[in-house]
Amino acid sequence: MSDPGNCTASLLKEEDATAGRPDNRQLCEENKDNEDFSDISDSELQQLQDTAEKGDRSLPEIKNKRTEDGTSLESIDVNAESGEDLYQDGTRERDILRRKRKQEVGTPLEKYSLRYLTVTDICSQVWCEQQMVYKMELPALVEKSAAMSEGSSIHLARELEVHDIVSVTTKTREDSWAIKCLNILAMIPVLQSGGRVREFPIFAELDGLYVVGVIDELGYSSKGELELRELKTRASPTLPGSSQKRSHEMQVFLYKLIFDRMVSGDLQPDVIMQHLKLRPEQELGSQVKEHAITSDLNVSTFRDVLELTCLNLTYSDLPMIDSLKLEYCFQGDGSLLGCEEVTFQKEKVLEQLTFNLSYWKGLREVQGVDIEDAWKCRMCEYSSICEWRAQKTRSIALRTLNKRLK
DNA sequence: ATTGCTGAATGG
């Protein structure tokens, strides 16, 4: 490994990833015969009304068996093969934490005990907010699709082209955040020398909320502009529809928003630690320290690494992101389907963000999709229990009924 | 808090 700038952070956990995983296949099959909100037959009308009055909503019982030894192994990167096992594990972990600590009152953020949101959380909110909320409440219902696994491995393959991978065991939450910092510290010089990096960790406070993410790729364009590239692999050889593109655009917009903050010296160690409830004096784990030493960094507590990172970001004179590109590739043969530059309109992005965050702050109720986007429900794991959908269906049914009575 | 706080992104 000649270039220390080529390491990224990741995490490994629990060996028996598949144990206790509920089989969702049947549920997914069932969802196939769900129709749009419209097109309701006469016989269904009465049924719908009955159901509506009863308020029937049978939630399937979800069990989360899990080994309780709790030993966690974190690493500075994935030893390949990450795909499914890690995903399933992570999901169950989040599931347990959220459901255990679920409170009946407070803002959604408090209800799900979230100290931060991820960029993906906000993007799935753009796709369907109601679905995103169900994912928080009942994550076990989602099964990773083949397209998603394929996407993950393509991304991993690309990452391996530019990164060496080193695993590191961690003991504390501070250790995992220290790894993010170490990776940032390693990537800064690569960017300064005009190089290319993948999986750049980002985090910043947006509108009072902490948002965390990972930038797929950063590099320089032929014009010498700092360019963000987000690879989207597609199961079919087609470009995404407008609805899906909207969510992709939001993703890169948020990346830029956060990255720009980071390089303009907006990051304050104390604010970060307060927000994320990290202990500044926490001594770093031996493996983390070891890695820091090989990178010639003299650090012993979490505060040391975080402060060093904030200072580096502030004074390394990295540019803000000039260009945002969405790159679509076909999973089948790897062919490029299209690459488009999206224009960052700050006002619009902030407006969208404010709307999304207002849900988390408890300023408004959850919203599902509009009728014209009801096609999304056909591939949604939660359509059979969806309150929003039921309500929409009901209101349309009643409207149809009224028309007929006229 | 009884023991208590998350790899993010993957695609539609």
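Q: Just to check I follow, could you spell out the environment of Q331 for this structure?
A: Mapped onto the elements of the fold, Q331 is located in the loop between strand 7 (323–330) and strand 8 (336–342). Separated by 216 residues in the primary sequence, Q331 and R115 place their C-alpha atoms 35 Å from one another. Filtering out sequence-adjacent residues up to four positions away, Q331 remains in contact with A147, E150, G151, I154, T233, R234 and A235. Within the structure, the side chain of Q331 is placed 2.8 Å from the backbone oxygen of A147, a separation counted as a polar contact. A polar contact is formed between the side chain of Q331 and the side chain of T233, at a distance of 2.9 Å.

Q: Whenever I open this one, the pattern of salt bridges confuses me. Can you help?
A: Once their charged atoms are close, side chains differing in charge can pair, the charge on each being opposite to the other. Under the definition given, this model contains 20 salt bridges. K256 is the salt-bridge partner of D260, the closest N and O atoms lying 2.5 Å from each other. Linking D260 with K256, this pair stays in helix 9 (residues 242–263), spanning 4 residues, or about one helical turn. What makes D260 buried here is its relative accessible area of 9%. Judged by its relative accessible area of 10%, K256 is buried. With a closest N to O distance of 2.8 Å, R303 and E281 form a salt bridge. Taken together, the residues span a long stretch of sequence, with R303 in helix 12 (residues 302–315) and E281 in the loop between helix 10 (269–276) and helix 11 (286–294) at a distance of 22 residues. Among the ionic contacts, a cluster of salt bridges with common partners joins R196, R198, D216, E217, E227, R229 and K325.

Q: Looking at this model, I keep getting lost on empty space enclosed by the protein. Mind explaining?
A: A water-sized probe, rolled over the atoms, reveals where empty space remains. This structure, assessed with the given rule, holds 1 cavity of 30 Å³ or more. What the largest cavity holds in volume is close to 120 Å³. C128, Q131, C377, C380 and C386 are, among the 15 residues lining the largest cavity, the residues nearest its centre. At the level of elements, helix 6 (129–137) and helix 14 (387–405) are the ones that each hand at least two residues to the lining of the largest cavity. The leading source of residues in the lining of the largest cavity is helix 6, at 3 residues. Its residues assigned to classes, the lining of the largest cavity comprises 9 nonpolar, 4 polar and 2 charged.

Q: So what exactly am I meant to see when it comes to the packing of helix 10 against helix 12 here?
A: How two helices pack is summed up by the angle between their axes together with the distance between the axes. At a minimum axis distance of 9 Å, the contact between helix 10 and helix 12 shows a crossing angle of 130 degrees. Put simply, helix 10 runs oblique to helix 12. Of the two elements, helix 10 crosses helix 12, and the hand of that crossing is right-handed. Along the contact surface, helix 10 presents P269, D270, I272 and M273, while helix 12 presents F302, R303, L306, E307 and C310.

Q: What am I meant to see in the nonpolar core here?
A: A general feature of soluble globular proteins is that nonpolar side chains tend to end up buried together. With 73 residues, the main nonpolar core has F200, F203, I215, L218, F259, L267 and W360 as its most contacted residues. Per-element accounting of this core gives the leading share, 11 residues, to helix 8 (residues 173–192). Look past the residues within four positions of I215 in its chain and what remains in contact with it is R198, E199, F200, I202, L228, Y255, F259 and I321. Formed by 9 residues, the second largest nonpolar core is a distinct cluster that contains V142, C380, I385 and C386.

Q: It is not clear to me how the packing of aromatic side chains should be interpreted in this structure. Could you clarify?
A: Within a pair of aromatic rings, the relevant descriptors are the distance that separates the centres and the angle that separates the planes. Scanning the entire structure with this criterion turns up 7 aromatic pairs. Measuring from centroid to centroid gives 6.1 Å for Y116 and W177, while their planes differ by 80 degrees, and the two rings are edge-to-face. You can see Y116 sitting in the loop between helix 4 (108–111) and strand 3 (117–118) and its partner W177 sitting in helix 8, a full 61 residues away along the chain. With centroids separated by 5.6 Å and ring planes inclined at 20 degrees, the aromatic side chains of Y134 and Y382 adopt a geometry described as stacked. Of this pair, Y134 sits in helix 6 while Y382 sits in the loop between helix 13 (346–360) and helix 14, placing them 248 residues apart in sequence. Judged by relative accessible area, Y382 falls into the buried class, the value being 0%. These aromatic residues form a ring-pair network of at least three members: Y116, W177 and F203. The positively charged end of K256 is found above the aromatic ring belonging to F344, 5.2 Å away from the centroid. Here the basic side chain of R364 rests over the ring of F355, its NZ or CZ set 3.8 Å away from the ring centre.

Criteria and thresholds
Residues numbered from 1 in each chain as written. Chains lettered and ligands numbered in written order. Predicted model: local features only at pLDDT ≥ 70, side-chain atom pairs only at ≥ 80, totals over all residues. Heavy atoms only, no water. Helix = DSSP H or I, 4+ residues; strand = E, 2+ residues; numbered from the N terminus. Contact = heavy atoms within 4.5 Å. Polar contact = N/O pair within 3.5 Å; in protein donor to acceptor, adjacent residues only side chain to side chain. Salt bridge = Lys/Arg side-chain N within 4 Å of Asp/Glu carboxyl O. Buried < 20%, exposed > 50% of the residue type's maximum accessible area, 1.4 Å probe, protein only. 1 Å grid on protein atoms, 1.4 Å probe; cavity = no way out; pocket = protein on both sides within 12 Å on 5 of 7 lines; lining within 4 Å. Points joined across faces, edges and corners; volume = space filled by probe spheres on them. Nonpolar A, V, L, I, M, F, W, Y, C, P; charged D, E, K, R; others polar. Axes fitted to C-alpha atoms, helices over the stretch in contact; angles between N-to-C directions. Parallel < 35°, antiparallel > 145°, perpendicular 65-115°, else oblique. Left-handed = near helix turned anticlockwise from the far one by under 90°. Core = buried A, V, L, I, M, F, W, Y, C linked by side-chain atoms within 4.5 Å. Phe/Tyr/Trp six-rings, centres within 6.5 Å; stacked < 30°, edge-to-face > 60°. Lys NZ or Arg CZ within 6 Å of the ring centre and 35° of its normal.

Purely geometric numbers; function is a separate question.
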